[in-house]
Amino acid sequence: GAVVSQHPSWVICKSGTSVKIECRSLDFQATTMFWYRQFPKQSLMLMATSNEGSKATYEQGVEKDKFLINHASLTLSTLTVTSAHPEDSSFYICSAKPGHQETQYFGPGTRLLVL
Amino acid sequence: SQQGEEDPQALSIQEGENATMNCSYKTSINNLQWYRQNSGRGLVHLILIRSNEREKHSGRLRVTLDTSKKSSSLLITASRAADTASYFCATDYYFGKGTSLLVTP
């Protein structure tokens, strides 16, 4: 149990376009979802925390207009990278947490390359 | 912001040896979690230790927590080549920098 999926697993796009990444909890309801980005050989940086039905809470330094997060249901959160630039190229990982648990379960990640 | 700091940053050992990784954090916590990440892939949750616990075991893993020193350690006993990965501690959803473990046959 406790499986989280992400789609797509990788995406290449042109500079200036927007990219949407989906994160789904497949077998549990996720009251809270988290979005991270990870640069090569570095750790995960928390970007934002989202609770179902409410606005996401962004970490300091993360542009909310650049990284749009929607947590419309208890099993789906989306991250949209708007007007992507090469510096947005990164590995984006989501995680989901059931309301009654402390553990978060991670998706397999989405590798974004902006040309 | 980043909470945990692991050391060492990189560790290379031979199969059968034990590997110890340490994590320090800055603020008070409810729990501390350890994760493993194989190269360029998602994270696997290894173990959660609560602030009122001092030690926890799971198979070949042993985690200790010292809240007075704001530190935790992860011990992997009898390591295997398959343990090669990056290991991260996390407190309240913030991750440390990680330790890259290489286990050679």
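Residues numbered from 1 in each chain as written. Chains lettered and ligands numbered in written order. Predicted model: local features only at pLDDT ≥ 70, side-chain atom pairs only at ≥ 80, totals over all residues. Heavy atoms only, no water.

Accessible area lost on assembly of the parts is the figure often given for the size of an interface. Facing the 19 residues of chain B at the interface are 19 residues of chain A. Carbon and sulfur atoms supply 52% of the area buried between chain B and chain A, which totals about 1500 Å² over both sides. Applying the counting rule to chain B against chain A returns 1 salt bridge. Residue Glu-102 of chain A pairs with Arg-50 of chain B through a salt bridge whose shortest N-O separation is 2.5 Å. Viewed at the interface, chain A and chain B are joined by 7 residue pairs in polar contact (both at pLDDT 80 or more). Sorting the residues of the side of chain B that touches chain A by element identifies strand 4 (31-37), strand 5 (43-50) and strand 10 (94-95) of chain B as the ones contributing at least two each. For the side of chain B that touches chain A, the per-class residue count stands at 7 nonpolar, 9 polar and 3 charged. (Contact = heavy atoms within 4.5 Å. Buried area = accessible area lost by both parts, 1.4 Å probe. Salt bridge = Lys/Arg side-chain N within 4 Å of Asp/Glu carboxyl O. Polar contact = N/O pair within 3.5 Å; in protein donor to acceptor, adjacent residues only side chain to side chain. Helix = DSSP H or I, 4+ residues; strand = E, 2+ residues; numbered from the N terminus. Nonpolar A, V, L, I, M, F, W, Y, C, P; charged D, E, K, R; others polar.)

Once that is clear, we can look at the sheet that holds strand 8 (residues 71-76) of chain B. Backbone-to-backbone hydrogen bonds join strands into a sheet, with any given pair of strands oriented parallel or antiparallel. Residues and elements named next belong to chain B. Within the open sheet, the 5 strands sit side by side as 1-3-8-7-6. Their pairing is antiparallel. Lying at the two open borders of the sheet, with one neighbouring strand each, are strand 1 (5-7) and strand 6 (55-58). With direction set aside, neighbouring strand axes in the sheet form an average angle of 15 degrees. Note that strand 7 (residues 61-66) and strand 8 share 6 bridges and pair antiparallel. Bridging from a neighbouring strand, Asp-66 pairs with Ser-71 of strand 8. (Pairing = 2+ DSSP bridges. Axes fitted to C-alpha atoms, helices over the stretch in contact; angles between N-to-C directions.)

So, on to the sheet that holds strand 3 (residues 19-25) of chain A. Residues and elements named next belong to chain A. Pairing is antiparallel in the open sheet, where 4 strands are placed in the order 1-3-8-7. Edge strands, defined here as strands with exactly one partner in the open sheet, are strand 1 (4-7) and strand 7 (67-73). Strand-to-strand twist across the sheet, computed as the mean angle between neighbouring axes with direction ignored, equals 15 degrees. Pairing analysis gives 4 bridges linking strand 1 to strand 3, with the strands arranged antiparallel. By the bridge assignment, His-7 is partnered in strand 3 with Glu-22.

One pass over the full model with this rule turns up 9 aromatic pairs over all chains. Ring plane angle 45 degrees and centroid distance 5.2 Å describe the contact between Tyr-35 of chain B and Phe-95 of chain B, whose orientation is recorded as tilted. With Tyr-35 of chain B in strand 4 and Phe-95 of chain B in strand 10, the pair connects residues that are 60 residues apart, well separated along the chain. Following the ring pairs from residue to residue traces out a cluster consisting of Tyr-36 and Phe-106 of chain A together with Tyr-35, Phe-88 and Phe-95 of chain B. When the ring centre of Phe-91 of chain A is taken as reference, the NZ or CZ atom of Arg-111 of chain A above it lies at 4.3 Å. (Phe/Tyr/Trp six-rings, centres within 6.5 Å; stacked < 30°, edge-to-face > 60°. Lys NZ or Arg CZ within 6 Å of the ring centre and 35° of its normal.)

Moving on, we come to the pattern of salt bridges. What the rule picks out here adds up to 6 salt bridges over all chains. Among the salt bridges present, the one from Glu-22 of chain A reaches Arg-24 of chain A, with a minimum N-O distance of 3.4 Å.

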